[in-house]
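Below are the chains, spelled out letter by letter.
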Amino acid sequence: MEPENFRLRTQEVTDDAKYNFPSDLPLRPGINTTGKAIQIRVNQFKVTKWPERDIYQYDINVGNGAEKRGKIMAVWMSRAVQERLKQVSPGNSILWDGNKLLWSSTQFQEQRILVDFDAEKGRQPHPQKGPDTCYCIIRPSKKIRMGVIQGYLSKQMPFDNSILEAISFLDHLMRQWPSQAYTLIKRSFYTKGNVATPLDNVVVAMKGVYSSIRLCNPKSSVGQPSTGLALNVDVANGTFWAPQDVHQAARNFCRDRNRQLSYTVFRDLLKPVKDPKTGVVTQSEDFKNLRKLAKLKFRVKHRGKADDNKTYTIKKFTWESGSAYHNEGAHAKNTLFKLRNRQTNSEEEITVYNYFKRTYNIDLQFWYLPLIVTERAGMFPMELCHLIPNQRYNFKLSPDQTSAMIKFAVTRPKQRIESINHGVGMLKWNEDPYLKHFGMNIDPNMTLTAARLLQNPEVQFAGKKLNPGTQGRWDLRGQKFFLPNPEPLKSWGIVIMQGCTNEQVVKNFINVFIQTYIGHGGKVENRNPVIYNQGRGEDIPTCVSNARNAAGNQAKFLPQIMFYVLGGRDSFMYERLKKNTECRFAMVSQCVNVAHVQKAQPQYCSNVCMKVNAKLGGTTSKVVSSKNWFSVPTMILGADVSHPSPGSPQASMAALTMSFDQNACRYAAAVQTNGHRVEMITPANIRSMMLPLFEQWITKVGGGRGPSHIYYFRDGVSEGQYAHVLNNELADMKEALVEKYGAPVAGGIKWTVIVCTKRHHIRFFPKDGDSQAADRNANALPGTLVESDVTHPFEYDFYLSAHSAIQGTARPVHYHVLQDEAKVPVNDLQKMIYQFSYQYMRSTTPVSLFPAVYYAHLASNRARAHESTPASEGPRGGQKFEEARQDAAIRAAVRGTQPGSSQTGSSLPTEAAPLVPLGNPDQGPELIHKIRNGMWYI
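All residue numbers refer to positions counted from 1 along the written sequence of the respective chain. For this predicted model, a pLDDT threshold of at least 70 governs which residues receive local features, and a threshold of 80 or more governs which side-chain atom pairs are given and counted, while totals over whole chains, interfaces and linings are taken from all residues. Here the side-chain values reflect all heavy atoms present in the structure, with hydrogen atoms and water set aside.

Peer 1: How would you sum up the overall build of the protein? Please name residues and give values.
Peer 2: Along the protein, the regular secondary structure elements total 24 helices and 40 strands. Atoms counted for the radius of gyration: C-alpha only. Globule rule: 2.2 Å times the number of residues to the power 0.38. Here the protein has a C-alpha radius of gyration of 32 Å; the compact-globule value for 938 residues is 30 Å, and the two agree. Referenced to the eigenvectors of the C-alpha coordinate spread, the extents of the protein come out at roughly 95 × 75 × 55 Å. Three labels apply to residues, based on accessible area from a 1.4 Å probe with only protein chains included: buried if under 20% of the type maximum, exposed if over 50%, partly exposed otherwise in between. Residues counted as buried form 53% of the 938 residues belonging to the protein. Contact between two residues is taken to exist if any of their heavy atoms lie within 4.5 Å; hydrogens are not considered. Taking the intrachain contacts of the protein between residues at least 6 apart in sequence as the baseline, contacts between residues at least 24 apart amount to 73%. Each accessible area is a Shrake-Rupley result for a 1.4 Å probe, and residues are judged covered by the shown protein chains and nothing else. For the protein, the exposed surface amounts to about 42,800 Å²; the carbon and sulfur share of it is 48%. A residue counts as positive if it is Lys or Arg and as negative if it is Asp or Glu; His and the chain ends are not included. A charged residue contributes its charge at one atom only: NZ of Lys, CZ of Arg, CG of Asp or CD of Glu. Taking the average place of the 117 positive charges on the side chains of the protein and the average place of its 81 negative ones, the gap between the two points comes to 4 Å. Helix and strand labels come from DSSP, where a helix needs a run of H or I of at least four residues and a strand needs a run of E of at least two; each type is numbered from the N terminus.

Peer 1: So, the sheet that holds strand β26 (residues 464-466): which residues are in play, and what are the values?
Peer 2: Sheet architecture is open: 3 strands sit in the order β26-β25-β31, paired in antiparallel fashion. The open sheet has two edge strands with one neighbour each: β26 and β31 (622-623). If DSSP finds at least two bridges between two strands, the strands pair. Bridge count for strand β25 (residues 459-461) against β26 is 3 bridges, and the pairing is antiparallel. Looking across to β26, one finds that Gln460 is bridged to Lys465.

Peer 1: How would you sum up the nonpolar core? Please name residues and give values.
Peer 2: In terms of nonpolar packing, the biggest core is built from 85 residues, with Phe513, Ile636, Ile833, Phe850 and Tyr937 touching the most fellow members. Sequence-distant contacts of Phe850, that is, excluding residues within four places in its chain, are made with Ile636, Tyr667, Phe713, Tyr815, Met832, Ile833 and Phe836. In this structure, Phe45, Phe159, Met174 and Tyr182 belong to the second largest nonpolar core, which totals 44 residues. What is meant by a nonpolar core is a set of buried Ala, Val, Leu, Ile, Met, Phe, Trp, Tyr and Cys residues, joined one to another through side-chain atoms within 4.5 Å.

Peer 1: Before we move on, can you summarise the pairing of strand β39 (residues 797-801) with the specific residues and values?
Peer 2: With 5 of its 5 residues buried, β39 lies for the most part within the structure. Here strand β38 (residues 784-786) runs beside β39; their pairing, made up of 3 bridges, is antiparallel. Pairing of Leu785 across the sheet is with Leu800, part of β39. Inspection of the sheet shows β39 paired to strand β40 (residues 813-820) by 4 bridges, in the antiparallel sense.

Peer 1: With reference to specific residues and values, describe empty space enclosed by the protein.
Peer 2: The pocket and cavity definitions rest on a 1 Å grid over protein atoms only: a 1.4 Å probe that fits but cannot leave marks a cavity, an open set with protein on both sides within 12 Å along at least five of seven lines marks a pocket, and residues lining either have an atom within 4 Å of a point. Grid points are joined across faces, edges and corners, and a volume is the space filled by probe spheres set on the points. In the structure shown here, the tally under the stated rule is 4 cavities of 30 Å³ or more. If you go around the largest cavity, you meet 13 residues; those closest to its centre are Leu270, Glu328, Gly329, Ala330 and Pro370. Under the scheme applied here, ten amino acids are nonpolar (Ala, Val, Leu, Ile, Met, Phe, Trp, Tyr, Cys and Pro), four are charged (Asp, Glu, Lys and Arg), and all others, including Gly, are polar. Looking at the lining of the largest cavity residue by residue, the classes come out as 8 nonpolar, 2 polar and 3 charged. Within this model, the second largest cavity holds a volume of roughly 60 Å³. If you trace the second largest cavity, you find it lined by Ile60, Asn61, Val62, Gly65, Ala66, Glu67, Ile72, Asn99 and Lys100. A total of 3 residues in the lining of the second largest cavity trace back to one element, the largest contributor, which is strand β3 (residues 55-62). Of the residues in the lining of the second largest cavity, the class split is 4 nonpolar, 3 polar and 2 charged.

Peer 1: Before we move on, can you summarise unusual backbone geometry with the specific residues and values?
Peer 2: Positioned with a positive phi, Lys186 is a non-glycine residue whose angle comes to about 55 degrees. With respect to the helices, strands and loops of the structure, Lys186 is situated in the loop between β8 (182-185) and β9 (188-191). On the basis of relative accessibility, which here comes to 67%, the residue Lys186 falls in the exposed class. The phi dihedral of Lys428 falls on the positive side, at around 50 degrees, and the residue is not glycine.

Right under this line is the structure:
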């Protein structure tokens, strides 16, 4: 229960109900009694004591109330403010949130403090601007009752705003002292030193410590008594700009077309270019890229300021649209400014280059590069400026940077424990003067908790069972799929895109694929499918149509699947192929990378076979069960909403998956746009996605009847949105079913609603040398279940680690039951969630996340291919889109008009255009139902 995710009760609580309040969500009905009892450590540290006396909260207003952050900080650190605070609240008794809130253990009256910066810096007021003064007003706002935390933990009061305020104070209390010594980014701290690992010559990675206070189960399962408050401490991995001279950082950052890192090439790449369509001189691609250095802070290093610790901020780089700058751009030798001679009180125009030569006797070596423009301090040559360390790198990492970051961030459990303990040492709780003043103590030892190791299932293939044991993986060699493709593969083809390889290579791949698929039980009737080469200049819609016709004509049968050989990772081409194949022709497809096609390794072909078999209607495997999983007809739903990258005009995409067989192995998926950055699935989408699938479920799975029990697994929502899931999404589902099938049928369905998330920092650490609870990498074994100590004080939630981590430390999934009308026994619910993770269709391992949600995640991301936009508009997300957006903004600036879209998305329409549906009506209802009820997205 993290502080940023707390939810509030919305109903009124009367005095009569105060001491017997109903819970918003189900209380924990009990704990699991199956499997093997074990003990593991979790990266949670118990708070043994916290302040219980009242705390006083104050509002701070600086200047006109809209001052910039630098001004607010300067006022706060001023001598006038600090001396007044020491008078009214002595000792380490004041916390400040860095903006508008202040807390103190002392009650005092409103303070109006005049800060005179001229007097504090020992200077005369500016003759034109006048005195540099600013008011700081501190007003009492409320009293924080710290006793409410214990009142909630002892079930004497519901969770309300007063508890949220008390937790918020403790959260700031924990961060106050570390934030003075370290770089603070959200809830993570990074040391202000040189302990950094270069990812390349632009970005460095640093390990820090994440710390967050949380409410937890007040009953300790083992070890020291618990209080119900604890700190979650974990490793934080951050990316930062490498500290270096700005001209080096700029050249290195713009290296895509300058791999040799030549400054002359860099100079040429920054020169203005003429738009071939409009003839307008505009910024080059590399100059646009350079603008990403804006807002970085630097220090200057030229003579006379060698020891100057003052920091400046890059506002922009010099760019002039006048014809005099068309050839070379604006640089030190052609950029003039007015220099005032204070002795003669006269002005002269001088170039930046001549100014630095005359004043500092510096011959600028890189005078041809653009100049840095600051807010108030004028212009500086890049070569005389040095980036300060610990500045967060906010851009998407390149593939090479990502690979290096993964190597840096991935740590085995033993190394992670060492890093966490190092982080605890950084936080120095026992030395923290603020904790000492307010009376807060933390146990520096990790929490030991009682856990269960659930029994793994056996995996059923055709005529054979496998027992993975606690390894969490099995071998597909020699195994036949539980259900092969129901219809033999007889009409299919393979398309070579953009001539990325030759037919002989493709024929070899086809032979290995067919041999592998038949070995896994697949049914292949046509062993010589059509090989179609995309013609020179042939666009994708024509290519897909021609290839489909060729495959259909060869087999005299509608094509069942098309393969596409791609030369690289072009997501735009991938999405266009999927859209044409699925939406125009109601046909599934499989894209393969040319590098793998050339190697044609059996293991790769086996992996492709699992996906192809699922798309053709088969099932890879299922878990063995002595009896039917469900005693009544049961449906499983999964839902997820994915959001586009910042600035993209793309809509959020909602996906709903529905189990489509008795064993809950196969899932159909429906997708639709869901507004712009809207997390809750809209009522219209609930109806349009769920009802058609529900109707097909009755026919295909229910034998003419609907389900008696529905599990609804929801991904991606925070604790603050739990009520919305119940009051909006669940209510809309029930209402839609009542409208469609009537109250007697729909009202008889019992619902179990569960939210699952991996966005948390809880990790499991088996005790050293405990082979009963740990694998060979010291990770918790698959099936490790934790229901106490780190869970909610009273509600029904648990952490489950279902998978075996390939590398690094396994991240368990947090499940929170929001409603359980069927009263499913705890043992049965957790067994189903764990064992169904072994039924993921394209894997030979159990997956960490419940498959229904995993499939919804895949489908919501794949839905972007079905957007109702012409390909001529180009990419609508990612790097290529961002570059196009910047181009439009520059052209608009030249014309003096407003660009069509903004980084904030404020000009986006409120409603999103619906997706192109899977299959068009021309294909007939049978084909459309076939793809919509199948696993087209996998």
